[in-house]
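Working through the structure, step by step
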Amino acid sequence: MSWVLIVDLLGTMVFAISGVVTAIDKKFDLVGALVIGFVTAIGGGTIRDILIGRLPVGWITDMKYFYAILIGYILAYCFTSRIIKLKKSMFLFDTIGIGLFTIIGINIGLTYNLDYPICLIMGVVSACFGGVIRDVLANEIPLIFRGQIYATACLIGGIFYMLLSKISVFENINILASICLVILIRYLSIRYNWTLNISRKI
Amino acid sequence: MSWVLIVDLLGTMVFAISGVVTAIDKKFDLVGALVIGFVTAIGGGTIRDILIGRLPVGWITDMKYFYAILIGYILAYCFTSRIIKLKKSMFLFDTIGIGLFTIIGINIGLTYNLDYPICLIMGVVSACFGGVIRDVLANEIPLIFRGQIYATACLIGGIFYMLLSKISVFENINILASICLVILIRYLSIRYNWTLNISRKI
Amino acid sequence: MSWVLIVDLLGTMVFAISGVVTAIDKKFDLVGALVIGFVTAIGGGTIRDILIGRLPVGWITDMKYFYAILIGYILAYCFTSRIIKLKKSMFLFDTIGIGLFTIIGINIGLTYNLDYPICLIMGVVSACFGGVIRDVLANEIPLIFRGQIYATACLIGGIFYMLLSKISVFENINILASICLVILIRYLSIRYNWTLNISRKI
């Protein structure tokens with residue numbers, strides 16, 4: 001099993017945990033939490049695959065993702081309070097996850113010969129739209145639309161990755177460097193409270 | 001016309017009625033109610049078909065569902081107050097509907113050689129996600145995520161159906177028995193006020 | 001470039017502007033506004049294409065739409081207050097847009113040999129569901145479900161278009177006439193405050 005696959009599955013699991021924790025917070029029942037965990041974990045990749053026409057979507061035929069989500073679901077219920085305390089580790093895994101998902105989405109776009117801006121969109125959709133669906137189902141305005149630098153980190157990390165690919169940096173080093181950039185941007189943005197708000201009066 | 005098809009169309013109609021009643025309750029206009037009725041009735045099957053790649057989705061090429069929904073729409077407007085009173089019959093048809101939709105979803109999954117857990121997901125998606133979309137469009141937290149045993153009944157009924165299929169029970173008897181189990185679980189859960197909530201402090 | 005394509009791109013741009021203005025109004029950040037602008041502009045056509053199985057969806061392989069949306073996004077930020085004042089021009093472009101999108105949706109349905117009512121649904125979905133997704137993401141009840149005659153104008157314009165097609169009116173004249181009818185209905189409905197509400201007590 002390559003390290004990319006391991007990170008992919010870990011990211012999926014962490015996304016599922018974040019969904020389940022949201023669901024517990026909203027007082028959803030066991031099944032509701034399972035659905036939210038699932039949708040958060042595979043939502044982004046699913047929308048990407050549907051848009052491109054890569055059907056059936058990946059997690060339907062590859063059971064590894066199903067089990068990663070199930071483990072995340074069980075962990076989230078067994079260690080709810082500890083997970084809340086482990087915020088830093090969760091943040092790290094989550095950010096590694098969105099970094100990697102961005103790169104996976106971009107690569108799938110490149111495989112389908114899509115233009116660079118569209119590949120970038122596929123990357124951001126893969127990384128961010130699971131969380132968008134999670135928030136819509138929880139009847140909240142999606143987190144990525146306000147406040148934190150989240151989609152933006154994916155965007156910049158994705159552009160960085162495509163530039164390094166152009167100048168033929170080794171793939172593994174490139175992936176690592178791009179994910180580190182995403183983590184750095186997310187970390188700095190939270191530490192220094194960066195936002196992309198332009199206040200306007202309408 | 002087989003009895004399965006008749007129940008399928010009746011279920012579709014009842015789902016449409018439940019959507020239209022929600023829409024009337026929310027003071028949507030005639031077109032809004034039509035859209036909600038439609039989406040409630042075909043939403044679950046549509047998502048299932050998209051995920052599997054069974055496109056175009058069924059109701060686009062098979063007009064029977066269109067007419068079932070249209071009849072449900074008209075009935076809901078003509079007999080709004082009586083439908084509210086007929087809650088018990090509505091409950092029965094709705095529950096028969098989700099039972100059958102679960103089984104239809106599972107069978108489509110089996111046809112596509114999907115693993116058993118994924119078939120089960122396809123069944124639950126078919127039965128429950130029309131209602132999820134209805135609630136999202138009405139700007140509410142989806143009903144199936146909290147309170148009532150709804151998706152759970154589909155889940156258990158679906159597992160029961162797959163077990164009986166394994167030991168080669170006659171298909172018709174199996175379908176009937178599984179639907180009855182879904183009805184029984186739903187009935188008992190409402191009567192004895194079962195929930196799947198685990199209270200947690202976060 | 002035919003005039004139909006020009007109107008199509010203009011309509012896309014105006015839809016993107018309407019999404020971005022909503023996002024600014026809701027205090028979304030720059031990326032959130034870009035996502036909402038995008039989704040509002042291509043959401044309807046995307047859902048139509050997915051339902052029919054026309055994948056990958058159009059805007060993924062045809063960059064014209066991407067650039068139209070980007071221009072709309074930039075315009076919306078540069079001239080936010082002026083756009084609010086230009087309500088009449090915006091209304092005109094928006095209504096021309098939904099008229100044309102309805103006709104484009106119907107024609108795609110006809111190309112796939114779908115029944116007339118389904119073609120009509122494809123038309124209305126193309127024209128209206130971008131706005132529906134915009135409102136869901138902004139955590140509001142979709143505008144088209146209440147109040148204004150919006151989807152209804154598309155519905156009537158679409159039926160008119162299909163009737164004129166039957167009696168072989170020149171395509172260009174037919175498109176123009178149908179769009180004018182949509183504009184007329186929208187204009188009259190706003191001026192005389194038409195609604196399709198049926199008040200009911202439940």
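In what follows, the accompanying structure is described. The structure presented is a predicted model; accordingly, all values stated were derived computationally and were not measured.

**Observations concerning the relation of the copies chain B and chain C**
By a simple turn and slide, chain B fits onto chain C: the slide is 0.0 Å along the axis, the RMSD is 0.0 Å, and the turn is 120°. With respect to symmetry, the two chain copies, as superposed, fit the operation of a three-fold axis. Residue B:Asn139, judged by its C-alpha, is the member of chain B lying nearest the rotation axis, at 3.9 Å.

**Quick word on the relation of the copies chain C and chain A**
Taken as rigid bodies, chain C and chain A are interconverted by a rotation of 120° and an axial shift of 0.0 Å, the fit giving an RMSD of 0.0 Å. A share of only 14% of the interface residues of chain C reappears at the interface of chain A, consistent with the copies meeting through non-equivalent patches.

**Concerning the environment of A:Ser18**
Residues and elements named next belong to chain A. You can see Ser18 is positioned in helix 1 (residues 3–25). Given 24 C-beta atoms within 10 Å, Ser18 falls into the buried group. Spatially, the C-alpha atoms of Ser18 and Asp94 are 8.6 Å apart, while their sequence positions differ by 76 residues. Sequence-distant contacts of Ser18, that is, excluding residues within four places in its chain, are made with Thr40 and Asp94.

**Section: the packing of helix 7 (residues 116–137) of chain B against helix 8 (residues 151–166) of chain B**
Residues and elements named next belong to chain B. Two elements in contact, helix 7 and helix 8, have axes separated by 9 Å at closest approach and are oriented at 135°. Accordingly, the angle class assigned to the pair helix 7 and helix 8 is oblique. Like other packed secondary-structure pairs, helix 7 and helix 8 cross with a definite hand, here right-handed. Residues Tyr116, Leu120, Gly123, Val124, Ala127 and Cys128 of helix 7 form the contact with helix 8, whose participating residues are Ala151, Cys154, Leu155, Gly158, Ile159 and Met162.

**Looking at the interface of chain B and chain C**
Each side of the interface is counted separately: chain B has 22 residues, and chain C has 24 residues. Mapped onto the side of chain B that touches chain C, the elements with two or more residues apiece are helix 1 (3–25), helix 2 (30–52), helix 4 (63–78), helix 5 (80–85) and helix 7 of chain B. Ranked by residues supplied to the side of chain B that touches chain C, first place goes to helix 2 of chain B with five residues. By residue class, the composition of the side of chain B that touches chain C is 16 nonpolar, three polar and three charged.

Rules used throughout
Residues numbered from 1 in each chain as written. Chains lettered and ligands numbered in written order. Predicted model: local features only at pLDDT ≥ 70, side-chain atom pairs only at ≥ 80, totals over all residues. Least-squares fit on C-alpha atoms with pLDDT ≥ 70 in both. Contact = placed C-beta atoms within 7 Å. Helix = DSSP H or I, 4+ residues; strand = E, 2+ residues; numbered from the N terminus. Buried ≥ 20, exposed ≤ 12 C-beta atoms within 10 Å, placed from the backbone. Axes fitted to C-alpha atoms, helices over the stretch in contact; angles between N-to-C directions. Parallel < 35°, antiparallel > 145°, perpendicular 65-115°, else oblique. Left-handed = near helix turned anticlockwise from the far one by under 90°. Nonpolar A, V, L, I, M, F, W, Y, C, P; charged D, E, K, R; others polar.

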